[in-house]
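# Results of the structural survey
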Amino acid sequence: MDSWSRFLLCLMTVSCCWAGCVEVDSETEAVLGHEFKIRCISCKKRGETTAVTFVEWFFKEKGTEEFDRIYIYNYPQDDILDERFKGRLVWNGSRNTEDIQDMSVIITNVSYSHHGDYICKVNRTLTFNSHEYNTNVTKFIHLTVVAKANRDIASIVSEIMMYVLIVVLTIWLVAEMIYCYRKIAAAGEEAVPENASDYLAITSDSKDNCLGEQPQV
């Protein structure tokens, strides 16, 4: 297989990966006054099967006992049902389709009243050749609101590894530059004696030719 065929194969593989659906858990710590995305992803087991999906969001504020329905998204319409989220809750999931797999929402201006437990309830109707099948998926997210963002261990380790990598690459680059410089300098020193020998040989030949010529009377 030539390089061009391999390149096309890689592009096809990447395209397939992009088209797939991956369920990722939501982050759980929001910063007061900032924007926060509550992630809810529910993938279909069979991607080729068409479906119609709508989602309901529920919220139980810290210190309360019951969940309140706060938001409904049923393409192309959505409705915010709770005053605590009026003007603050924005759809951030799948767009321009009834076949929803990403049901995420964004709270645009987090307050302490948003601290609590959330439920993302997915209602999906799968359409087959001879029948329809309804499924329900429920995801729970506990959200904590803090005054200042706390850096987790993973981000700290990632930053340290990034700086270590930069230092290692810099040292490697300097070593490569020194190595290349020495090779070039050594090649130049070898070339000088060769040029000097060639010059002496040419001078000697010229001298012999001059001695061999006799003046004509």
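Residues numbered from 1 in each chain as written. Predicted model: local features only at pLDDT ≥ 70, side-chain atom pairs only at ≥ 80, totals over all residues. Heavy atoms only, no water.

You'll find the protein chain entered in an unreviewed UniProt entry as Sodium channel regulatory subunit beta-1, with Pelobates cultripes given as the organism.

### Describing the environment of Asp78
Checked against the element boundaries, Asp78 lands in strand β5 (residues 77-80). Between the C-alpha atom of Asp78 and that of Glu56, which follows or precedes it by 22 residues, the distance is 9.8 Å. Aside from chain neighbours lying at most four places away, what touches Asp78 is Tyr71, Ile72 and Tyr73. At 2.9 Å, the side chain of Asp78 and the side chain of Tyr71 are in polar contact. (Helix = DSSP H or I, 4+ residues; strand = E, 2+ residues; numbered from the N terminus. Contact = heavy atoms within 4.5 Å. Polar contact = N/O pair within 3.5 Å; in protein donor to acceptor, adjacent residues only side chain to side chain.)

### Considering the sheet that holds strand β2 (residues 36-38)
Spatial ordering of the open sheet is given by β2-β7-β6, a layout of 3 strands whose pairing is antiparallel. Each edge of the open sheet is held by one strand with a lone partner, namely β2 and β6 (89-91). Across this sheet, the average inter-strand angle for adjacent strands is 30°, counted without regard to direction. Bridge count between β6 and strand β7 (residues 105-107): 3 bridges; the pairing is antiparallel. (Pairing = 2+ DSSP bridges. Axes fitted to C-alpha atoms, helices over the stretch in contact; angles between N-to-C directions.)

### Regarding the state of the cysteines
Scanning all chains against the criterion turns up 2 disulfides. The partner cysteine of Cys21 in its disulfide is Cys43, sulfur to sulfur 1.9 Å. Its S-S torsion of about -75° marks the bond between Cys21 and Cys43 as left-handed, since a negative value means left-handed. Placement of Cys21 in the loop between α1 (3-19) and β1 (29-31) and of Cys43 in the loop between β2 and β3 (50-61) is noted, with a sequence separation of 22 residues between them. The exposure class of Cys21 is partly exposed, given its relative accessible area of 32%. Disulfide pairing places Cys40 opposite Cys120 at an S-S distance of 2.1 Å. Measuring the twist about the S-S bond at about -80°, one finds the Cys40-Cys120 disulfide to be left-handed. Taken together, the residues Cys40 in the loop between β2 and β3 and Cys120 in strand β8 (residues 116-127) connect sequence positions 80 residues apart. Looking at Cys120, the relative accessible area reads 0%, which means it is buried. (Disulfide = S-S within 2.5 Å. Buried < 20%, exposed > 50% of the residue type's maximum accessible area, 1.4 Å probe, protein only.)

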